[in-house]
Amino acid sequence: MRGCYSYARGADRDPAKTVRSASDDDGACRRDRVNAEKTMAFIRHPKDFFAGLLFISFGIAAIVVGSNYTLGTAARMGPGYFPRILGILLIGLGSALSLRALRLNGPPLPGWKWRPVVIVLCSVALFGMIVNYAGVVASTIFLIVASSAASHEFRFRESLVAGVVLAALAVGVFVVGLKLQLPIWPAGL
Amino acid sequence: MDLLNHLAVGFGVATQGINLLYALIGAMLGTLIGVLPGIGPVATIAMLLPTTYALQPVSALIMLAGIYYGAQYGGSTTSILLNMPGETSSAVTCLDGYQMARKGQAGAALAIAALGSFFAGTISTVMVATVAIPLSELALKFGPAEYFSLMILGLIGAVVLAHGSLLKAIAMIVLGLLLGIVGTDVNSGVARFSFGIPELTDGIGVVSVAMGLFGFAEIISNLEVTEKRELVTSKVRGLWPTKAQFGLAWPAALRGTALGSVLGLLPGGGAMLASFASYALEKKVSKDPSQFGKGAIQGVAGPESANNAGAQTSFIPLLTLGIPENAVMALMVGAMTIHNIQPGPQVMTSNPTLFWGLIASMWVGNLMLVVLNLPLIGMWIKLLQVPYRLLYPAILLFCGIGVYSINNTSFDVSQTAVFGLLGVAFMKLECEPAPLLLGFVLGPMMEENLRRAMLLSRGDPTVFVTRPLSATMLAMAALLLLLIIAPAFRKTRDQAFAEEE
C-alpha cells in the first residue's frame, strides 16, 4: 500500500504518466487489499499497530494523571507543562504509527511463550521480597531453582546443586566481600 | 606540552594499584560477558552499578568503562568460534571469522581481532585526549537554549543512525523522557507520576530500567529459542597469523580505526555502527570482494578495530558535553550521578584526576585485554561450554541482589521485573529499547534546560532558532531527519516502479 501511495506522489511530476499510473495503482492496491483481508481484517501491520496503541495509552495516562499539576506559562513553566507536551507528542506519534499500520503490510505478531516470561520475572520479584526475611542463602536457592524451571532443559537436582554453590558464592562476594547489608540466614535463627 | 602533562596525570591515577585492580576486574568481566552470548554490556553495567557505591568514583568509572571495551574483545571470540555474536557489535565478525575458524585459522583470526582492537584502542585513547579539551571549551559557552538543542540533536542522531523504524524510535525517546521525569519536580516540589508510592518520589532508577529492558528481556527471549549452539574448535592452535595475513590485515585495521573513531563520536554511534560500517568499507576497497564471507582476514581486522575505536570515542560526548550517545553511556551518566558528579564540560576542570585517569585507564585496560585474550584464550573457550540453563539463573541472581542493594527495598526488584515485562513487549513489537534509555537519562536535563531557556527569553520560543549555535544544531537535526526520510521515500517509489514492470 505504501508502494502504491508513494508512486502516485512521485508520478505527480509527469502529468501524462499520472493518468495511467493512477489506474494501475488502484488495481494493484485493490489486489493487495483483498489479499490482506483474507489474512487479517484491517490491521495490516500488527506490530506497528499495537506499538502505536501502547504509546497512545502512555500519552493519555501522562495527560490524565498530569492534569493535577500546574501548567504555568511558557515563560514560567509549572510541573505540568513538560509532561503535557510529551503526552501530546506520544499520542501524536502513536496515532501516526497505528494509522500507518492500517495501510502498510507487516509480519504477524510473534507468539508469546508465557512460561519463561512468568517464571523469570516472578521468581526475581519474589526473591526481592523474601531476601530480607529468609536471608541470602535460602532466597538464592529459591531463585536459582525456581528460575531454572523456565528452561526447557530444566533438571531439578542440577539446579539445586547450582543453587547451593551460588548461595555460597553470593555470601562470599556480596555479604563478606562487598559488605552489603543483607542477612545470611532467615530472621530469628 | 599541555596534553602530555594531562596524560601524565592520568597515567599517574590509572596506574595506582587500586585502579589497576579495578581496570583488570572491568576488563575481565567485560571479556566474560562479551564471550557469553545473551548478556550484553548494558545489562552487566546495570548489574554492577550498585556495587560501585563503596568505591572511589574514579575506580568505579574505570571498572565500568573496562566492561564496555572489554566486551568488544570478548565478543569477537564467540563470533569466531561459535558463529554467534557474543555482542551485537561483533555480529559482522561472524561472517569471515567463523569461516576462518572452519578452515583451521581460528588462532590467526583471534590474534588479528585482539591486536587490531589493541591498536584501535591506543589510537582512540589519544584521540579522546586531544579532542576533549577543545570540545569542553566549546561546551562551556553553551546556554540553556544550546543545551536543549544539543540534546535534540543527540536524540535525533541516535535515532537516525540506529536501525529500525524511525517513528517508533522517536516515540520510544518521548516515552523515555516521560519516564525520566517521574519523581519530585525540583522547581515546585510536586511529586509527579508517583501514584502515591513513596519510592517513586525519588524517581525511577536507571538501573531498574536498563536491567529490565535489556537484561531480563534478553534472558527471556533467549529462553524462547530452543536450538543448540555448537563450538567449531575446542582447541585453537597456531595463534600467530602468517606474514601474508598480517599484510592484508594491518591496512584494514588502520581504516577500521579511523572509521570507528569518527563514528564513535556521532550520537547513536559507538561500537555496533562502527563495525558494520567498517565491514562494508573493507568489502568496497578490497581487490577481491568475492573472498568476503569465505574467510577474508580484512573482514575480521577492520570491524574488530572499528568497534573498539567506536566504543572508546563514544566517551567523548559524555565526558565533554555531558550528553550520552548510546545506552552504555546513558548508564555511565547514572554511575557519575551516583557519585555526585554532574557529567559535562566542568568535569575536566573540577575533577581532572578522574577525567584524565579514566582516559589513561582505557589504554591500560586495552593492554590488559590483549594479555587476557591471547594467552588465556583457552579459558574463555572453556567458559563457552557452560550451558545456558546454568548461566541465566546465576545472572538473575546477580541482577536481583544488585537491584535490591541500591536502596535495600524489594520495590526496586519488582519495578525491574515490570520493566522486564515491558522489555519483552517491546521486543515482540520490534521497538528498540536503547532510545528509551537515552530519553530516560536526558529527561530531567532536557526539561530543566527548556524551562531555563524559556524563562530567559520571557516565553519566546524563537530563542532556539535566533541563537546561532542553537540554530545550527537544530538545523543539523532537521537535516538528519530529512536524510533518512528522503531515501526511504525514493526506495518505496522505486519499488512501485519495479512492480509496474
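Here the structure is a predicted model, which is why all the values come from computation and not from measurement. (Residues numbered from 1 in each chain as written. Chains lettered and ligands numbered in written order. Predicted model: local features only at pLDDT ≥ 70, side-chain atom pairs only at ≥ 80, totals over all residues.)

**A word on the overall build of chain B**
The following threshold applies: Only DSSP runs of H or I with at least four residues qualify as helices, and only runs of E with at least two residues qualify as strands; both kinds are numbered from the N terminus onward. With C-alpha atoms as the basis for the radius of gyration, the globule rule is written as 2.2 Å multiplied by the number of residues raised to the power 0.38. Three exposure classes are used. Buried residues have 20 or more other C-beta atoms within 10 Å of their own C-beta, exposed residues have 12 or fewer, and partly exposed residues fall in between, all C-beta atoms being placed from the backbone.
From N to C terminus, chain B includes 22 helices and 2 strands. On C-alpha atoms alone, chain B measures out to a radius of gyration of 22 Å, which is about the 23 Å that the 2.2 N^0.38 rule sets for 501 residues. Burial statistics for chain B: of 501 residues in total, 61% are counted as buried.

**Things to note about the overall build of chain A**
Rules: The contact criterion used here is simple: two residues whose C-beta atoms, placed from the backbone, lie within 7 Å are in contact.
A tally of helices and strands in chain A yields 6 helices and 0 strands. Secondary structure of chain A in N-to-C order comes out as α-α-α-α-α-α. Looking at the 189 residues of chain A, the share that counts as buried comes to 35%. Pairs at least 24 apart in sequence give 63% of the contacts found in chain A among residues at least 6 apart.

**Quick look at the interface of chain A and chain B**
Put simply, the rule reads: Residue type decides the class: Asp, Glu, Lys and Arg count as charged, Ala, Val, Leu, Ile, Met, Phe, Trp, Tyr, Cys and Pro as nonpolar, and the leftover types, Gly among them, as polar.
Across the contact, 62 residues belong to chain A and 60 residues belong to chain B. When residues of the side of chain A that touches chain B are traced back to their parent elements, those giving at least two are α1 (2-10), α2 (15-39), α3 (46-66), α4 (81-100), α5 (114-148) and α6 (156-177) of chain A. Looking at the side of chain A that touches chain B residue by residue, the class counts come to 43 nonpolar, 13 polar and 6 charged.

**Let's talk about the packing of α5 of chain A against α6 of chain A**
Residue and element names in this part refer to chain A. The cut-off we apply is this: Orientation is described by lines fitted to C-alpha atoms, with helices fitted over the stretch in contact, and by angles between N-to-C directions that extend from 0 to 180 degrees. Between 65 and 115 degrees an angle is taken as roughly perpendicular, under 35 as roughly parallel, over 145 as roughly antiparallel, and anywhere else as oblique. Crossings are sorted by hand: turned counterclockwise from the far helix by less than a right angle, the near helix makes the crossing left-handed, and turned clockwise it makes it right-handed.
Closest axis-to-axis distance for the α5/α6 pair is 8 Å, and the angle between their directions is 135 degrees. The orientation of α5 relative to α6 falls into the category oblique. Note that α5 runs across α6; the crossing there is right-handed. Every residue of α6 that contacts α5 at V136, V137, T140, I141, I144, V145 and S148 is listed here: S159, L160, A162, G163, V164, L166, A167, A170, V171 and V175. Grouping the constituent residues of the contact of α5 with α6 by class yields 13 nonpolar, 4 polar and no charged.

**What to know about the environment of I184 of chain A**
Mapped onto the secondary structure, I184 of chain A falls in the segment after α6. A C-alpha to C-alpha distance of 9.0 Å links I184 of chain A and V131 of chain A, two positions 53 residues apart in sequence.

**Some points on the packing of helix α4 (residues 57-82) of chain B against helix α12 (residues 298-313) of chain B**
Residues and elements named next belong to chain B. Interhelical geometry of α4 versus α12 gives an angle of 165 degrees and a closest axis separation of 9 Å. Relative to α12, the element α4 lies roughly antiparallel. As α4 packs across α12, the resulting crossing turns out to be right-handed. Of the residues in α12, those touching α4 at Y68, Y69, Q72 and S76 are E304, N307, N308, A311 and Q312. Among the residues making up the contact of α4 with α12, the classes are represented as 3 nonpolar, 5 polar and 1 charged.

**What about helix α9 (residues 206-224) of chain B?**
For clarity, the cut-off: By this rule, a helix spans an expected 1.5 Å times one less than how many residues it contains. The term bend refers to the angle at a residue between two fitted axes, each drawn through seven residues, those ending there and those starting there.
With 19 residues, α9 of chain B extends 26 Å between its outermost C-alpha atoms, agreeing within 8% with the 27 Å of an ideal straight helix rising 1.5 Å per residue. The sharpest bend along α9 of chain B reaches about 35 degrees and sits at G212 of chain B.

**Some details on the nonpolar core**
Formally: In this usage, the nonpolar core is the set of buried Ala, Val, Leu, Ile, Met, Phe, Trp, Tyr and Cys residues whose C-beta atoms join them within 7 Å. The source of the domain bounds is an automatic or database domain assignment.
By size, the foremost hydrophobic cluster in this structure holds 221 residues, and its most contacted members are L90 of chain A together with A46, V174, A210, L331 and L437 of chain B. Sort the elements by how many residues they give to this core and helix α6 (residues 106-140) of chain B lands first, with 18 residues. If you count residues domain by domain, this core takes at least three from each of domain 1 (2-100) and domain 2 (114-177) of chain A. With near-sequence residues (within four places) excluded, L437 of chain B lies in contact with G176, V209, A210, L213, A327 and A330 of chain B.

**Quick word on the confidence of the model for chain A**
Residues and elements named next belong to chain A. How we decide: The predictor's confidence in any single residue is recorded as pLDDT, a number from 0 to 100.
Confidence in the prediction of chain A, expressed as mean pLDDT, is 78, and 77% of residues score 70 or more. For chain A, per-element mean pLDDT is lowest for α1, which scores 34, and highest for α4, which scores 93. A low-confidence stretch, residues 1-39 stays under pLDDT 50, and its non-local contacts, those more than four residues away or across chains, total 36 contacts.

**Topic: the confidence of the model for chain B**
Residues and elements named next belong to chain B. Within chain B, residue pLDDT values average 83, and 92% of them lie at 70 or more. Ignoring residues within four places in sequence, the model shows residues 496-501, a span with pLDDT below 50, making 7 contacts including any to other chains. As a predicted assembly, this complex carries a pTM of 0.81 together with an ipTM value of 0.79.

**Some words on the environment of V175 of chain A**
Residue and element names in this part refer to chain A. Its location among the elements puts V175 in helix α6. Taking the number of C-beta atoms within 10 Å as the measure of exposure, V175 has 18 and is therefore partly exposed. In sequence terms V175 and V136 are 39 residues apart; their C-alpha atoms lie 8.6 Å from each other. For V175, the contacting residues outside a window of four places in its chain are V136, L180, L182 and I184.

**Some remarks on the environment of S159 of chain A**
Residue and element names in this part refer to chain A. Positionally, S159 belongs in helix α6. Residues S159 and L93, 66 residues apart in the sequence, show an inter-C-alpha distance of 46 Å. In this view, S159 contacts I144, V145, S148 and F154; residues no more than four positions away in its chain are not counted.

**Digging into α12 of chain B**
Because an α-helix completes one turn every 3.6 residues, residues spaced three or four positions apart along the sequence face the same direction. When the terminal C-alpha atoms of α12 of chain B are compared, their 22 Å separation across 16 residues agrees well with the 22 Å that a helix rising 1.5 Å per residue should span. Of all 16 residues making up α12 of chain B, 16 are buried, and the element is well covered by its neighbours.

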